[in-house]
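Given next are the chains, with one letter for each unit.
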Amino acid sequence: MHKIERPIIFSSSSSQVSNRFLGLVSQSCAIAYNMKRSVLKCPPELLLRQVSTKHCGQQRLGNELYLRSPPSTSILAGQMCSSSAFQRRHFKAAFCTELGKPLSLGLKESSELCSGEVRIQVAAVGINFSDLLMVKGEYQVKLSPPFTPGGEMSGTILEVADDVHHFKPGMKVLGLCSAYGAFAEEVVTTCNAIWEMPSSMSFKEAAGFVCSYGTAMMGLSRRANLQHKENVLVTAAAGAAGLAAVDIASNVFGCNVFGAAGSDEKCSLVKSYGAKETINYRNESLRDKMKKICPQGANVIFDAVGGSAFKDSLRSIAWEGRLIVVGFASGEIPQIPANHLLVKNVSAVGLFWGAYSMANLDVFRWSVDECLKHYIKGQLKPHVCATYDFSMINQAFQFIQSRKSTGKVVVEIRD
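Reference entry: report on the structure contained in this document. (Residues numbered from 1 in each chain as written. Predicted model: local features only at pLDDT ≥ 70, side-chain atom pairs only at ≥ 80, totals over all residues. Heavy atoms only, no water.)

Each pair of aromatic rings is reported with the distance of its centres and the angle of its planes. Counting across every chain of the model gives 6 aromatic pairs. A centroid spacing of 5.8 Å and a plane angle of 65° characterise the contact between Phe-183 and Phe-397, whose relative ring orientation is edge-to-face. On the criterion of sequence distance, the pair formed by Phe-183 in the loop between β8 (172–176) and β9 (186–190) and Phe-397 in helix α12 (residues 393–401) is long-range, its members being 214 residues apart. Here the two residues Phe-183 and Phe-397 agree in accessibility, since each one is buried. Ring geometry for Tyr-388 versus Phe-399: centroids 6.4 Å apart, planes at 50°, classification tilted. Taken together, the residues Tyr-388 in strand β17 (residues 384–389) and Phe-399 in helix α12 connect sequence positions 11 residues apart. Linked through ring pairs, Trp-195, Trp-353 and Phe-364 together constitute an aromatic cluster. Above the ring of Tyr-273, the side-chain terminus of Lys-381 is found at 4.8 Å from the ring centroid. (Phe/Tyr/Trp six-rings, centres within 6.5 Å; stacked < 30°, edge-to-face > 60°. Helix = DSSP H or I, 4+ residues; strand = E, 2+ residues; numbered from the N terminus. Buried < 20%, exposed > 50% of the residue type's maximum accessible area, 1.4 Å probe, protein only. Lys NZ or Arg CZ within 6 Å of the ring centre and 35° of its normal.)

Okay, the pairing of strand β13 (residues 277–280) next. Sheet analysis places strand β12 (residues 256–261) next to β13, joined by 4 bridges and oriented parallel. For Ala-261, the partnering residue across the bridge sits in β13 and is Asn-280. (Pairing = 2+ DSSP bridges.)

Another aspect to go through is the packing of helix α4 (residues 210–223) against helix α11 (residues 361–376). Remark: α4 packs on α11, axes separated minimally by 8 Å, with the N-to-C direction vectors making an angle of 105°. When the interaxial angle is binned, α4 and α11 end up roughly perpendicular. For the pair formed by α4 and α11, the contact residues are Val-210, Tyr-213, Gly-214, Met-217, Met-218, Ser-221 and Arg-222 on the first element and Val-363, Phe-364, Trp-366, Ser-367, Val-368, Glu-370, Cys-371 and His-374 on the second. Class assignment for the residues of the contact of α4 with α11 results in 9 nonpolar, 4 polar and 2 charged. (Axes fitted to C-alpha atoms, helices over the stretch in contact; angles between N-to-C directions. Parallel < 35°, antiparallel > 145°, perpendicular 65-115°, else oblique. Contact = heavy atoms within 4.5 Å. Nonpolar A, V, L, I, M, F, W, Y, C, P; charged D, E, K, R; others polar.)

Structure follows, in structure tokens:
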């Protein structure tokens, strides 16, 4: 028997695949059924995508992350727990076949469900910056091609494992892929990584909701204990997490929000989401502008930039202020001068939202539940700046790399 070492790829510009070719694909994928799942040790940075399954009964080995390498079986810890109606089929997926090169579209084989898992027909996928780093080989963990990237999606449940009772086939859901693979027509993930979609939410909105709004809610509410009418400064305020933080702080907590972004157009968008004032830190000093518009300083700072923006933010903080360290989009990890924390009794608070999926699953799910509750009330409005067809996934990546995107960029997998 011959093993298929790589997925069968066809160009995204191809209009047809011959019946004979599809026949060969089907035979090849059947041969590949016995391929083993690859295993990757999981550092803390990857916990965002490895959602705990302790309430679903699924077995995982420590902090190991199991990648669904195309094509593959779905044997995990020697356990199978699938519905009795499982039938193998093939579906379209995007593959990184060479690091740093454009993605290719190809065919992937479905796999049987393990305990606690659900199969989802993907409607739309939200692109995160980590996806770009992953396919360039610049992420904290470098995967060996071929692999399917993507971790955040929305869609319709096709099938659930026998021990999954809270989700049913036909339900519309949003959530995370527990082992990447979202850029595909079908994904398998754990039941603890998904939420039922509100009836008023579109697949496009849902595809980019969980990571950005979950992060913002966790940071503002749990980590910073934000209070009504406090002053809040958000850097990278037009980005996915930043705009979600502006939305939540303004429209849920009723705070005075000051948003810093990198262009006048981005500042205008931030203001439309409730910011009282904005700062274009490409041509304005963040520290000087904050002295004018908020002389008493910000009670809470939500910083995803690092570098000079972090330093200016720290100098713009109020007495007993809380500075939330979200990320380092600038590429520079700042050093915190402890004397600045001492003088104003300031708290510097780290925020790694994904780690809660392992450390405290209830709190992790609460962060998204809370946002969905406020969305249903009409208080939150996720922003999708651009939508691309599946065949244009590489153009979507290029748009994000241009640094012109705001909120979320979404790839529609199905109409």
